[in-house]
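# Fold and contact review
Single-letter residue listing:
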Amino acid sequence: MRTGRGFSEPLSRREFLKFGILASFASTRSWDVAQRSWSSGRSSGPLVPPPQDLLLFNGRIYTMDPRNPRASVVLIRNGRIAYVGNALPAQGLGARQIDLQGRAVIPGIIDNHNHIALMANRPGYHTPLENCASIREVQETLATRAASVPPGAFLTTIGGFHFNQFAERRLPTRRELDEAVPRHPTYLSIGFSGPSVVNSLGRRFFAERGIPVGEDGSIAPGEASNRALLTLRRELLTAEERRRGALDALRYGLSLGVTTHLDQGAFQATNTPQDGAAHEDNYTMHRPFFQLHAEGRLPARIRINFLHTDLSPEVPTLRERLRNSFPFFGDEWIRTVGIGEFTAGDPFELFAHAEPGAAWRVGTRLVAAAGWRNENHSLTRTDYQAIIRGWEEVDREIPLGGLRWTLAHVPFITREWVERLKALGGGLSLTGWRYLAGTREANGPPFRMIVESGIPAGLSSDGMQIAPMNPWLHMYYATTGVNARGEPINEEQRISRQEALRLYTRANGWFLREEEHLGSLEVGKWADLVVLNRDPFQVPDEGLKRIRSVLTIVGGRIVHDEGLLRAPAPER
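Residues numbered from 1 in each chain as written. Predicted model: local features only at pLDDT ≥ 70, side-chain atom pairs only at ≥ 80, totals over all residues. Heavy atoms only, no water.

Glancing now at the environment of R233. Following the sequence through the fold, R233 ends up in helix α7 (residues 223–236). Exposure remark for R233: the relative accessible area of 13% places this residue in the buried category. Spatially, the C-alpha atoms of R233 and P123 are 5.4 Å apart, while their sequence positions differ by 110 residues. Ignoring any residue separated from it by four or fewer positions in sequence, one finds R233 in contact with P123, D275, G276, A277 and H279. Among the polar contacts made by the side chain of R233, one reaches the main-chain carbonyl oxygen of G276 at a distance of 3.1 Å. (Helix = DSSP H or I, 4+ residues; strand = E, 2+ residues; numbered from the N terminus. Buried < 20%, exposed > 50% of the residue type's maximum accessible area, 1.4 Å probe, protein only. Contact = heavy atoms within 4.5 Å. Polar contact = N/O pair within 3.5 Å; in protein donor to acceptor, adjacent residues only side chain to side chain.)

Below you can see the structure in the form of structure tokens.
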């Protein structure tokens with residue numbers, strides 16, 4: 001064993017041979033061929049290889065372990081971290097070796113609040129546009145996607161982006177979409193219910209079905225966009241398409257370094273135009289993930305919250321859920337977590353009233369009595385107060401300590417109410433959803449105040465309706481306070497990059513009750529880690545938006561590979 005190796009000193013040829021890289025490389029080369037980018041659109045064949053013993057060396061490894069924050073070597077055995085340090089471990093003999101060439105490595109990112117199931121169940125070949133900064137980049141992204149999907153397949157982007165992020169401050173036109181994708185019908189829609197835009201093939205498709213489309217390809221927000229989306233669902237979505245969509249969604253997350261998703265469910269679909277982009281069948285929407293898991297093809301970890309909006313004080317669907325389901329039930333790849341992000345009642349009731357209704361109160365007490373984790377979201381200047389007061393009432397009868405109840409988003413929460421939630425043993429899920437369309441009057445959340453309060457807190461995306469999934473966009477907003485238009489709107493509440501990365505990794509294990517397994521690179525934890533194209537602690541602020549994974553490992557399995565062994569030196 002050699003000790004004292006620097007962070008960037010490469011192995012000698014003798015050490016290379018000593019640790020058996022040639023043999024291990026030959027035995028695993030076929031899996032390199034199986035790794036494809038998220039945009040391939042293919043769902044057949046093996047996706048997830050068996051776990052490998054891997055020795056990653058010559059890196060800048062940010063462990064998120066306060067006792068051992070930096071390292072240059074990490075060893076993976078049997079799907080778990082076996083060693084983290086700066087010397088070559090003797091037990092690394094026989095492991096496949098990967099020279100990191102000085103690249104940055106972080107633990108797998110945990111998104112503690114998103115809607116990955118809605119993204120997975122999108123009709124057509126969903127194509128995230130959240131990373132585009134101009135109409136030209138939209139065209140390039142769509143053209144790249146079109147080149148890898150079946151001829152004539154529908155390309156769709158439903159939520160997760162806003163024209164604020166484009167230099168032109170508008171949606172592309174029909175003609176601009178035609179330039180990029182002339183042979184694939186295309187439909188792009190902002191937020192829950194548009195506005196939307198289509199290319200010529202898309203315009204013809206919708207016009208034949210009686211949906212009004214402007215000469216420029218625009219579809220009005222609301223009813224028209226909702227009808228367009230419902231039509232796509234009815235005509236395009238099949239069980240196989242849903243499985244393919246699930247793989248696409250997870251692959252996209254893996255390309256960004258997201259290895260664990262806590263899905264927050266959806267409103268119950270009614271098969272009417274009122275469904276919009278935030279509705280799905282609450283009882284079947286996760287089936288594609290379970291099917292992929294049964295086939296051994298699930299490449300990322302899925303955690304599930306069950307959303308309920310019973311309007312009756314009898315809360316029938318919530319009662320049946322609590323009677324017939326178990327919290328934290330499943331395995332390391334997919335399992336249930338809790339109830340949320342709505343418990344019961346009209347989810348918009350709290351926006352207009354100072355107190356929640358009877359259904360919410362009854363449902364909240366039932367969740368506590370059953371010992372489940374509970375999550376609600378807060379969007380206004382008063383709703384968080386009503387929620388916390390309601391939880392305090394329940395706590396007097398049924399102690400909530402240890403249940404880890406969570407409030408999400410909280411753009412306007414104050415220090416007083418943070419302390420009251422903290423006294424209940426609760427936590428806060430923070431998202432940068434204001435990045436796309438926020439203003440100084442509608443900014444938040446107060447990241448700095450919350451971090452300094454000491455309450456359990458973690459970062460999340462709330463993707464893919466009104467916010468992007470890309471964690472690096474959320475970290476950009478949390479650390480700069482600058483929105484997609486380049487306007488500083490939340491700079492007084494900025495946190496450091498170290499704090500932001502901790503909130504997206506180590507801190508998020510708390511929300512899953514899996515802090516002993518996830519969130520940091522420590523011996524004994526699951527081997528979830530990400531090799532990045534740029535170092536998040538060295539790039540300028542704008543460079544955060546361009547960070548991607550060149551290699552993502554989940555449970556010792558290489559599930560995303562941009563050709564690390566053949567890649568040039570990392571960008572600075």
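Below, the discussion takes up the nonpolar core. Ranked by internal contacts, the top residues of the largest apolar core, which has 92 residues, are F289, W391, L407, I413, L428 and I450. If one sorts the elements of this core by residue count, helix α8 (residues 239–256) sits on top with seven residues. If near-sequence neighbours (up to four positions away) are discounted, I413 is found in contact with Y384, I388, V418, L428, P446, M449 and I450. Counting 20 residues, the second largest nonpolar core, distinct from the first, contains I81, V84, L100 and I558. (Core = buried A, V, L, I, M, F, W, Y, C linked by side-chain atoms within 4.5 Å.)

With that out of the way, let us pick up the pairing of strand β19 (residues 373–378). Among the six residues in β19, six count as buried, and that is most of the element. Of the two faces of β19, the one carrying R373, E375 and H377 and the one carrying N374, N376 and S378 are both buried. Sheet topology places strand β18 (residues 334–339) next to β19; two bridges connect them, and they run parallel. When the bridges of β19 are listed, I339 appears paired with N374. Running through helix α13 (residues 383–397), the crossover from β19 to the neighbouring parallel element strand β20 (residues 406–409) is right-handed. (Pairing = 2+ DSSP bridges. Right-handed = clockwise from strand over helix to strand, strands pointing away.)

Glancing now at the sheet that holds strand β23 (residues 529–532). The six strands lie next to each other as β3-β2-β7-β23-β24-β25, forming an open sheet whose pairing is mixed. Edge strands, defined here as strands with exactly one partner in the open sheet, are β3 (70–71) and β25 (557–561). For strand β7 (residues 104–107) and β23, the ladder comprises three bridges, and the chain directions are antiparallel. Among the inter-strand pairings, I106 is bridged to a residue of β23, identified as V530.

Further remarks concern the environment of W417. With respect to the secondary-structure elements, W417 resides in helix α14 (residues 415–423). We classify W417 as buried; its relative accessible area is 6%. In this structure W417 touches Y384, Q385, I388 and R389, once residues within four positions along its chain are discounted.

Looking now at the sheet that holds β18. Taken together, the eight strands give an open sheet; going across it, the order is β8-β14-β17-β18-β19-β20-β21-β22, and neighbouring strands pair in parallel fashion. On the outer flanks of this sheet lie β8 (109–114) and β22 (457–460), each paired with one strand and no other. With strand direction ignored, the average angle separating the axes of adjacent strands in the sheet is 30°. (Axes fitted to C-alpha atoms, helices over the stretch in contact; angles between N-to-C directions.)

One can describe the packing of α13 onto α14 by two numbers: an axis separation of 10 Å at closest approach and a directional angle of 25°. Put simply, α13 runs roughly parallel to α14. In the crossing of α13 with α14, the sense of the turn from one axis to the other is left-handed. Contacts between α13 and α14 pair Y384, Q385, I388, R389, W391 and E392 from the former with W417, R420 and L421 from the latter. Partitioning the contact of α13 with α14 into residue classes produces five nonpolar, one polar and three charged. (Parallel < 35°, antiparallel > 145°, perpendicular 65-115°, else oblique. Left-handed = near helix turned anticlockwise from the far one by under 90°. Nonpolar A, V, L, I, M, F, W, Y, C, P; charged D, E, K, R; others polar.)

Here we come to the packing of aromatic side chains. Applying the stated rule across the entire model yields 14 aromatic pairs. Summarising the aromatic geometry, the rings of Y435 and Y476 are spaced 6.1 Å apart at their centres and angled 85° between planes, so their arrangement reads as edge-to-face. Of this pair, Y435 sits in helix α15 (residues 434–437) while Y476 sits in helix α17 (residues 471–480), and the two are 41 residues apart along the sequence. Judged by its relative accessible area of 5%, Y435 falls in the buried class. Using a relative accessible area of 3% as the deciding quantity, one classes Y476 as buried. Sitting over the ring of F205, R209 keeps its end group 3.7 Å from the ring centre. The ring centre of W417 lies 3.9 Å from the NZ or CZ of R420, which sits over that ring. (Phe/Tyr/Trp six-rings, centres within 6.5 Å; stacked < 30°, edge-to-face > 60°. Lys NZ or Arg CZ within 6 Å of the ring centre and 35° of its normal.)

On to the confidence of the model for the protein chain, then. The share of residues in the protein chain with pLDDT of 70 or more is 90%, and the mean pLDDT across the chain is 90. Per-residue pLDDT stays below 50 along residues 1–46; that stretch engages in 101 contacts with residues further than four places along the chain or on separate chains. (pLDDT = per-residue confidence, 0-100.)

Moving on to the pattern of salt bridges. One side chain can pair with another of opposite charge once the charged atoms of both are near each other. The final tally for this structure, using the stated rule, is 39 salt bridges. Measuring nitrogen to oxygen at the nearest pair gives 3.4 Å for the salt bridge that ties E215 to R203. Of this pair, E215 sits in the loop between α6 (200–207) and β13 (218–219) while R203 sits in helix α6; the two residues are 12 residues apart in sequence, bridging distant segments of the chain. A relative accessible area of 49% means that E215 is categorised as partly exposed. Overlapping salt bridges bring together D65, R67, R506, E522 and K525 as one network. (Salt bridge = Lys/Arg side-chain N within 4 Å of Asp/Glu carboxyl O.)

Of all the positions in α14, only W417, V418 and L421 are classed as buried. Mapping the buried residues of α14 onto a view down its axis gives an arc of 105°, with all of them on the same face. Looking at the buried side of α14, the elements it contacts are α13, β20, β21 (427–431) and α16 (447–453). Positioned one or two residues after α14, G425 has a phi angle of 80°, which is positive. (Arc of directions from axis to C-beta.)

Right, let's get into the pairing of β25. A large share of β25 lies buried, amounting to five of its five residues. With four bridges connecting them, strand β24 (residues 549–554) and β25 associate as antiparallel partners. Following the sheet pairing, T552 is matched in β25 by H560.

Looking now at α6. Among all positions in α6, only G202, F205 and F206 are buried. For α6, the buried positions fall inside an angular range of 90° around the axis, keeping them on one side. For α6, the secondary structure elements touched by its buried residues are β11 (186–189), β12 (196–198), β13 and α7.

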